[in-house]
Amino acid sequence: MKAQTSHLQVLEDSGKFLIDDVAFFGRTLGEYEEMFHFEREDLRGKRVLDCASGPASFAAEAHIIGVNVTACDPMYEKRPDELFHWAAHDVALCLKNKDSKIDLFDPHLSEFADQFEAEKVRAMRNFRNDFAKGKADGRYVAGKLPNLPFPDDYFHLAFCSNLLFLYASSKFGGILNDDRFPFEFHMRAIFELLRVVKDEVRIYPIKGPNRPDSPMADAVVEALKEAGIRAEYVPVHFKDVAGANQMLRIFK
Ligand SMILES: C[S@@+](CC[C@H](N)C(=O)[O-])C[C@H]1O[C@@H](n2cnc3c(N)ncnc32)[C@H](O)[C@@H]1O
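A short tour of the structure in this document, coming up. Small disclaimer: the values here were computed from a predicted structure and weren't measured.

This next bit is on the site of the ligand. Within the structure, the ligand sits among 23 residues, and Ala52, Asp73, Leu145, Ser161 and Asn162 are positioned closest to it. Within the side chain of tyrosine 32, a nitrogen or oxygen atom sits 2.9 Å from a nitrogen atom of the ligand. Compared with its free state, where it exposes 600 Å², the ligand has 99% of that area covered by protein. Taken together, the residues of the shell around the ligand sort by class into 14 nonpolar, six polar and three charged.

Turning to the pattern of salt bridges, a few remarks are in order. Across all of its chains, the model carries 19 salt bridges by this definition. Where aspartate 137 meets lysine 133, a salt bridge forms, and the shortest distance between an N and an O atom there is 2.8 Å. Residue lysine 133 is classed as exposed on the basis of its relative accessible area of 54%. A salt bridge links arginine 249 to glutamate 200; the nearest nitrogen and oxygen atoms lie 2.6 Å apart.

Note on backbone geometry: most residues besides glycine have negative phi, and most peptide bonds are trans. Cysteine 51 connects to alanine 52 through a cis peptide bond whose omega is 15°. For alanine 52, the position within the fold is in the loop between strand 3 (47-51) and helix 2 (58-64). Of note, the bond from tyrosine 204 into proline 205 is cis; its omega dihedral lies within 30 degrees of zero at -10°. Along the chain, proline 205 turns up in the loop between strand 7 (197-204) and helix 7 (215-226). Of note in this structure, aspartate 153 is not a glycine but carries a positive phi near 60°. Inspection of the secondary structure puts aspartate 153 in the loop between strand 5 (140-141) and strand 6 (155-161).

Turning to the state of the cysteines, a few remarks are in order. As enumerated under the stated definition, the model contains zero disulfides in all. There is no disulfide at cysteine 72, and the cysteine sulfur nearest it, in cysteine 51, is 4.1 Å away. On the basis of relative accessible area, cysteine 72 is assigned to the buried category, the value being 0%. Of all cysteine sulfurs in the structure, the one in cysteine 51 sits closest to cysteine 160, which takes part in no disulfide; the separation is 6.0 Å. Look at cysteine 160 and you get buried, because its relative accessible area is 1%.

Under the criterion given, the structure shown has 19 aromatic pairs. Centre to centre, the rings of phenylalanine 127 and tyrosine 140 are 5.7 Å apart; their planes meet at 80°, and the pair counts as edge-to-face. Pair noted here: phenylalanine 127 is in helix 5 (residues 113-136) and tyrosine 140 is in strand 5, with a separation of 13 residues, a long-range link. Classification of phenylalanine 127 by relative accessible area gives buried; the value is 0%. The lysine or arginine in question, arginine 47, covers the ring of tyrosine 154, its NZ or CZ lying 4.0 Å from the ring centre.

Okay, the nonpolar core next. Leu49, Tyr167, Leu193 and Ile250 are the most contacted members of the largest nonpolar core, which has 87 residues in total. For this core, the leading source of residues is helix 6 (residues 183-196), giving seven residues. If near-sequence neighbours (up to four positions away) are discounted, leucine 193 is found in contact with Leu49, Cys51, Leu145, Leu148, Ala158, Cys160, Leu164 and Val201.

Of note, arginine 27 is situated in the loop between strand 2 (18-19) and helix 1 (29-36). For arginine 27, a relative accessible area of 10% corresponds to the buried category.

On the secondary structure map, methionine 247 appears in strand 9 (residues 246-251). For the pair methionine 247 and glutamate 33, spaced 214 residues apart in the sequence, the C-alpha separation amounts to 12 Å. Those residues in contact with methionine 247 that sit more than four places away from it in its chain are Met35, Phe36, His37, Arg202, Ile203, Tyr204, Ile206, Glu232, Tyr233, Val234 and Val236.

With mixed pairing, the seven strands of this open sheet are ordered in space as 5-4-3-6-7-9-8. At either end of the open sheet lies a strand with only one pairing partner, and these are strand 5 and strand 8 (231-235). Pairing of strand 8 with strand 9 involves five bridges; the strand directions are antiparallel. Note on strand 9: the bridge partner recorded for tyrosine 233 is leucine 248. Those strands touched by helix 1 are strand 3, strand 6, strand 7 and strand 9, and its axis lies near 95° from that of strand 6.

We now examine the packing of helix 3 (residues 80-100) against helix 5. With their axes 11 Å apart at the nearest point, helix 3 and helix 5 run at an angle of 175° to one another. Considered as vectors, helix 3 and helix 5 are oriented roughly antiparallel to each other. Judged by residue contacts, Pro80, Leu83, Phe84, Ala87, Ala88, Val91, Leu95, Lys98 and Asp99 of helix 3 engage Phe116, Glu117, Lys120, Met124, Phe127, Arg128 and Phe131 from helix 5.

Rules of the game
- Residues numbered from 1 in each chain as written.
- Predicted model: local features only at pLDDT ≥ 70, side-chain atom pairs only at ≥ 80, totals over all residues.
- Heavy atoms only, no water.
- Near = heavy atom within 4 Å.
- Polar contact = N/O pair within 3.5 Å; in protein donor to acceptor, adjacent residues only side chain to side chain.
- Areas by Shrake-Rupley, 256 points an atom, 1.4 Å probe, with all protein chains shown as cover.
- Nonpolar A, V, L, I, M, F, W, Y, C, P; charged D, E, K, R; others polar.
- Salt bridge = Lys/Arg side-chain N within 4 Å of Asp/Glu carboxyl O.
- Buried < 20%, exposed > 50% of the residue type's maximum accessible area, 1.4 Å probe, protein only.
- Helix = DSSP H or I, 4+ residues; strand = E, 2+ residues; numbered from the N terminus.
- Disulfide = S-S within 2.5 Å.
- Phe/Tyr/Trp six-rings, centres within 6.5 Å; stacked < 30°, edge-to-face > 60°.
- Lys NZ or Arg CZ within 6 Å of the ring centre and 35° of its normal.
- Core = buried A, V, L, I, M, F, W, Y, C linked by side-chain atoms within 4.5 Å.
- Contact = heavy atoms within 4.5 Å.
- Pairing = 2+ DSSP bridges.
- Axes fitted to C-alpha atoms, helices over the stretch in contact; angles between N-to-C directions.
- Parallel < 35°, antiparallel > 145°, perpendicular 65-115°, else oblique.

Okay, structure coming up:
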């Protein structure tokens, strides 16, 4: 499998925030609560999938408080030293380049830039401390959308943050320079996430920083409705990039 972050670059292009690969970048449990509009107590007794989880500390922090989270990401097949190298590389690169495009991020972010950065570093450290034990326990699983290594209906719910919609091509509202995650990929990935849950899938964010709409999300929601699947946009508190203040709930 290709090392997904080996060539990560932030591209200069008419003021957009554009990158050439998916960043191995992760957030904390507190940030997951804001992105997906839940409180940690809501997850007690549930089996939760986080895909694509990257170097997030959601699974690590959830484990400490007795919440059952499985983290899944294609990068987890790599050796831990390689994984931690790419996490440090990508987190530093994204934080550095954010500053040159700050107008594409939420205005409140410049006031809380130190806190924002500290959260990402904390996420990475907690992920690193938990990964070896968690992988041995089956809490970190290598897997890649749109084909996940889990049985049907295995989880109660799945969270998918900062991959779908965000990494659509910039033509369709995302931040990627190419169209490696086209509409068909989004549909297959969502049907796969629905296959492995009993209740629902939540996806955040809907919109990227480069434009006020997301043609990809609108096309996906329309296609889901045509397939008889209920999907609704829900406002959430979290927004680090401009306009990313909604998640999508998709009900099985
Ligand atoms: C920006 S990180 C998001 C991490 C975390 N969910 C968060 O919100 O902080 C995106 C992740 O998507 C992973 N990824 C890339 N392609 C994928 C695929 N086809 N299926 C699942 N994950 C993928 C990358 O390895 C990376 O860790």
